[in-house]
Amino acid sequence: MIRSKRNVIVHLRTRSGLRLCAAAVVVLSICFPPQVVAQSESAGQRAEEELASRAVAILQVRCFSCHGAEKSESGLRLDSLEHALGGGDQGAAIVAGNALDSLLVKSIRDAGEDSRMPPKDPLKDAEIDVIVRWITAGARWPVASAATGSEMKPASSMDGGGAIGNALEDPRNPIRVLFGGDRLELWSLRPIERPAIPQVEHGEWPRNPIDNFVLAEWERSTGLEIGAVAEPRALAMRAAFDLTGLPPSFEEIERFANDGDTQSYEQLIDRWLADPSYGVRWGRMWLDVVRYSDSNGFDWDEFRPQAWRYRDYVVDAWNRDLPFDQFTREQLAGDELVGGPPNDELDQQRWIATGYLRVGPHDNSSPLFNEQDRSRAQLMADLTETTGSAFLGLTLGCCRCHDHKTDPLSHADHYRLQAFFAPVEFADDVPLDLPERREEIEQHNAAIDEKVAGIDQQHAAIHAEVKSRLTPSDEKAEVSDEVVKKALTAEEKKRVSELNASKTKLNETKLAYTRGLLMRDKAKDIPATYVLYQGDHKAPRELVTAGFPSVLEPGETAIVAASDSSTGRRSTLADWMVARKNPWTARVIVNRLWQAHFGEGLVATANDFGVTGARPSHPELLDWLASELIDSGWSIKHVQRLIVTSSVYRQATLSAQVEARVAKSYRKKLRRLEAEALRDRILTASGLLDRRIGGPPVWPEIPAEILQANPAFLDDNATKTKGWYPSPAESQAVRSLFLVQKRTVRIPFLETFDLPDNSVSCARRESSLVAPQALTLMNGVQVEQASEAMADLVAAESGDVQTQVAIVFQRALLRRPRSAELELAKKFLETHSLPELCRAVLNTNEFAFVD
C-alpha cells in the first residue's frame, strides 16, 4: 500500500533571520513498497524514473554538505529515505503535484537575490526546471539515485541492470546531473584514438608523420611558406641544448657542418639521447612539474638531507628511458610494488621513487602549535592537486572548496582522488641498503652493543660497590644516583670517566643504514576521507571512498591490496593513470615534451586541459603522439627522437613578421637559455664545469645581506638544517641541477633568470628580459670568475693575440670570429685585458640565446 504523505522543510539562519533553504530540501511525497517500485518496462515509467533520479541527484550534491550524516542543519538529514521522511524543524516545503504552491520552488526561483537559496551558489535555470517538473509529477523518490560522495555506488540501470556510466553516455551520471549536461564538450574527455596520417601536397618535405600533421594544417592556411632548414651550426646548438642542456663542442659542430652524410644529424641526436647529460636536462623538466625542493618550505624551511635521492632517481629514470607508465607507477606506489625492505637495486629505486609523495612543502613546526591536523590536510590537498596537474592536466585545486567553476569536476571529486593517499605516512626509518649490507650492519652493530653492554656492567659494579659502602648490609634503604656520584673516590671517578669515554667511542663506530625521503601505507588506523566544507579540515561533511573523476568513472573503485603491509590504493590509482582508457596522462606528457622543444605546447596550458585552458592547436597530432607513446611501450626517447628529427623541428628561425603570416607554424623561435643552461654554459666556456652527476646538493656562496635578512638562518637549530653552509669553493662548479634548492631562498643568479617557484607545480618556465639580467652578466661574481678562468685557458694555449681571439670565440660562441669581429677584438685588447674580452663575449646575445 501507499504510505501517507509527509512534507518536510529546512531552514538556514542568515544575517537577515530565518530563510527557507530550498536547495537543501528533499521532500518525500510518496513512498512505494517494493512491489510497486519494481522497474517497469513502459517508456512513461522509465522517463518518470529518470526525472526522479535527476532531481534527487541535484538535491544530493547541493545539500549533503549541510544535511547529511556529519551535519544536519535545522534538524534535517537527507542521506536516507527514513531521515528525509522525518522532516526538519519547519513546515511543508513541497506540495506534491503543485510546484507553484511549494515553498521550495518559491525560495529557489521566486525569491529576491538576498533570500534566494542556496545563498552562495543559486541553482541554475536547468536545475530549477528539473526540480519544478519533479514536484509537478508528484515528487516521487527514485529507485536508484545518482550521487557523489558516500552514496556513490553502482546503481541498477533503468532497464534492469548495469552501473552508472560516464557522463558522455549515461544521463544518470552525477556530473551530468550536477551541471545539467553542460561541460561535456571538453575535448580532453574524449578517448585517445590513433588518427590516420594525413596526406599532403608537398610530399617531399615530411621526414616523419609529425610533419604530415603540421604540413596538412599549413596547406589549409593562406600564404604558406615552407621554411628553409636551419644552418648546421644553429641546428646542432638547438638540439644539443634541448637534449642535454649543454652546448656541443666546437669540434662536433665543425664535423657536422662539413659532413656530407645525411645521417650525421641523426647520429648526433642518438649520441645526445644516450649522453648522461640528457637525464640532467630532462630530469629538471619533471622536477619543475612535481615542485622538487631540498627543503620543507614554510617559516623554518628546513633542509632535507635525503631529498636528493629522489632527484637522482628522476635523472636516472630519464637516462634509462624508463617507460613512462612504470615511471608513474613507481612514483605513486613504489613501496607497494616492493612490499618490504629492498632486495635488489630495482626495489631500492622504487622505494626512492616515493620521494614524489614527499617533496612538496611540509610544515615541520606544526606539532609545536598542536596543528598536526592542519599540516596533514595541507599534505593531502597538495598531493591531490599536484598529481592532478602533473599527470592529468586537471586543476583539482579549483574543487577543493566547491564544485569546479568551469570543468566537469565536483567538490567530491577532489576528495575521491585524495582518498587514494589517505593511508600514507612518512617512512624515514626504512633502510635502503640491500640484504647483504643490512646483515653486515646488523652484525657489526650487534658486536658494538655487546661491548657497550660489558662497559655498562663495569659501570654497574662500581655503582654497587659505592652503594654497599653507604648502606649497611642488613638495611634496604634506597640510595639515589646523585648520592652515589658524590660518594665516588677519585680513583672511581677516573674509572667511570674512562668507561664513559670508551662507550662514546664505541657508539661512534656503529654503522648507519642508508635512509631516504620515503612514503608508505599505514598498516592500521587509516583515516577516513570526508568532503571538507570550503576546504576547511575542521569542517568535514560526507564520507567518500577512493574514486576516479566521476565524469568518467562515478562508481566505487575496486581496490586490490598489493601486499600485506599496503592497502593497494595508490597502486590502483597508478594503474588507472596509465590505462589506455584514461584520456589525460599520455596527452599531458607528450604535450610537455613538445613544449620543452618548441617553447609552447600543442596545448599552451600544460597543467590545464580543462575548459579555461587552451584548446590543442593540432588535436590530431597530439593524439597521434599520445598513441605513439603508448604503442612504443611508453618510451619517452622514442617520441623525442621523432620530434627532433622532424622537418618542423629542423626549420630555421623566422622573424616575427614572417612568423605572423603563417598561423600555427611551430617553427623554432629565438629564445633565451633557461637559468640552469645559461650558468652551465658559462662554466663550460670557462673550463670550470664539473660534469659529475648526482649526490648530495652543493651549497654555493650567496650574498651576506641575504643570509642576514632570513630569520631561519639567524635562528638555526642543533641539527643545522635551517642555516646556509657553503660547500668548499672547489666543488661549487657542478651543473646547476645539483645546487641546493631551497624554497624560501633561491640562488640569486638562477632566480634572476626566472628559476620558478618550487612551492607549486610549474607548468612552463617564464622567460623575461629585464635589466638585472644584464647587470648580473656584466658585474656578477660568477661571470667575473668564469672570465678569469677562461682567459687563463686561452693564454695557456697561445700567446698570439689573433689566435687568442679565435680561441675565445670558439670556446664561448662555438664558431670562428668574422673578420670584422676579429679586428674589433684585437683593437679592444690594445686597451683592455684578456679577461675583459672574455667577459664581453660572454655578455653577447648570441651566448645567451639559441635559435
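What counts as what
- All residue numbers refer to positions counted from 1 along the written sequence of the respective chain.
- Per-residue local features are limited, in this predicted model, to residues with pLDDT of at least 70; the limit for side-chain atom pairs, both in listing and counting, is 80 or more; totals at the level of whole chains, interfaces and linings are taken over all residues.
- Excluding hydrogens and water, the side-chain values take into account all heavy atoms of the structure.
- Between 30 and 60 degrees the pair is tilted, below 30 it is stacked and above 60 it is edge-to-face, where a pair is any two Phe, Tyr or Trp rings, Trp via its six-membered ring, whose centres lie within 6.5 Å.
- Segments assigned H or I by DSSP are reported as helices when at least four residues long, segments assigned E as strands when at least two residues long, and all are numbered from the N terminus.
- Any residue under 20% of the maximum accessible area for its type is buried, any over 50% is exposed, and the rest in between are partly exposed; the area is computed with a 1.4 Å probe on protein chains only.
- Here, over-ring charges are defined by two tests on the NZ atom of lysine or the CZ atom of arginine: distance to the ring centre within 6 Å, and angle to the ring normal within 35 degrees.
- What makes a salt bridge here is a side-chain nitrogen of Lys or Arg within 4 Å of a carboxyl oxygen of Asp or Glu, nothing more.

Moving on, we get to the packing of aromatic side chains. Enumeration according to the criterion identifies 25 aromatic pairs in this entry. With a centroid separation of 5.8 Å and 50° between ring planes, the pair formed by F324 and F327 is classed as tilted. Highlighted residues: F324 and F327, both in helix 13 (residues 324–338), separated by three residues, approximately one helical turn. On the basis of an interplanar angle of 10° and a centroid distance of 4.5 Å, the ring pair of F548 and W576 is categorised as stacked. Of the two residues, F548 is situated in the loop between strand 6 (540–544) and helix 20 (569–577) and W576 in helix 20; the sequence distance between them amounts to 28 residues. Side by side, F548 and W576 carry an identical accessibility label, which is buried. Counting every residue linked through ring pairs, the aromatic cluster contains Y278, W282, W286, Y292, Y310, Y313, W318, F324, F327, Y356, F391 and W634. When the ring centre of F179 is taken as reference, the NZ or CZ atom of R183 above it lies at 3.7 Å. The aromatic ring of Y649 is capped on one face by R238, whose charged end is 5.7 Å from the ring centroid.

Here the focus is the pattern of salt bridges. Going through the model one piece at a time under the given rule, you end up with 48 salt bridges. Residues R350 and E330 are paired through a salt bridge, measuring 3.5 Å at the closest nitrogen-oxygen approach. Of the two residues, R350 sits in helix 14 (residues 345–353) while E330 sits in helix 13, which places them 20 residues apart along the sequence. A relative accessible area of 1% means that E330 is categorised as buried. One salt bridge in this structure joins R580 and D631, with 2.9 Å as the shortest N-O distance. In this pair, R580 sits in the loop between helix 20 and helix 21 (585–598) while D631 sits in helix 22 (residues 619–631), placing the two residues 51 residues apart along the sequence. Judged by relative accessible area, which is 48%, D631 ranks as partly exposed. Here the salt bridges share partners, and the residues they tie into one network are R233, R815, R818, E821 and E846.

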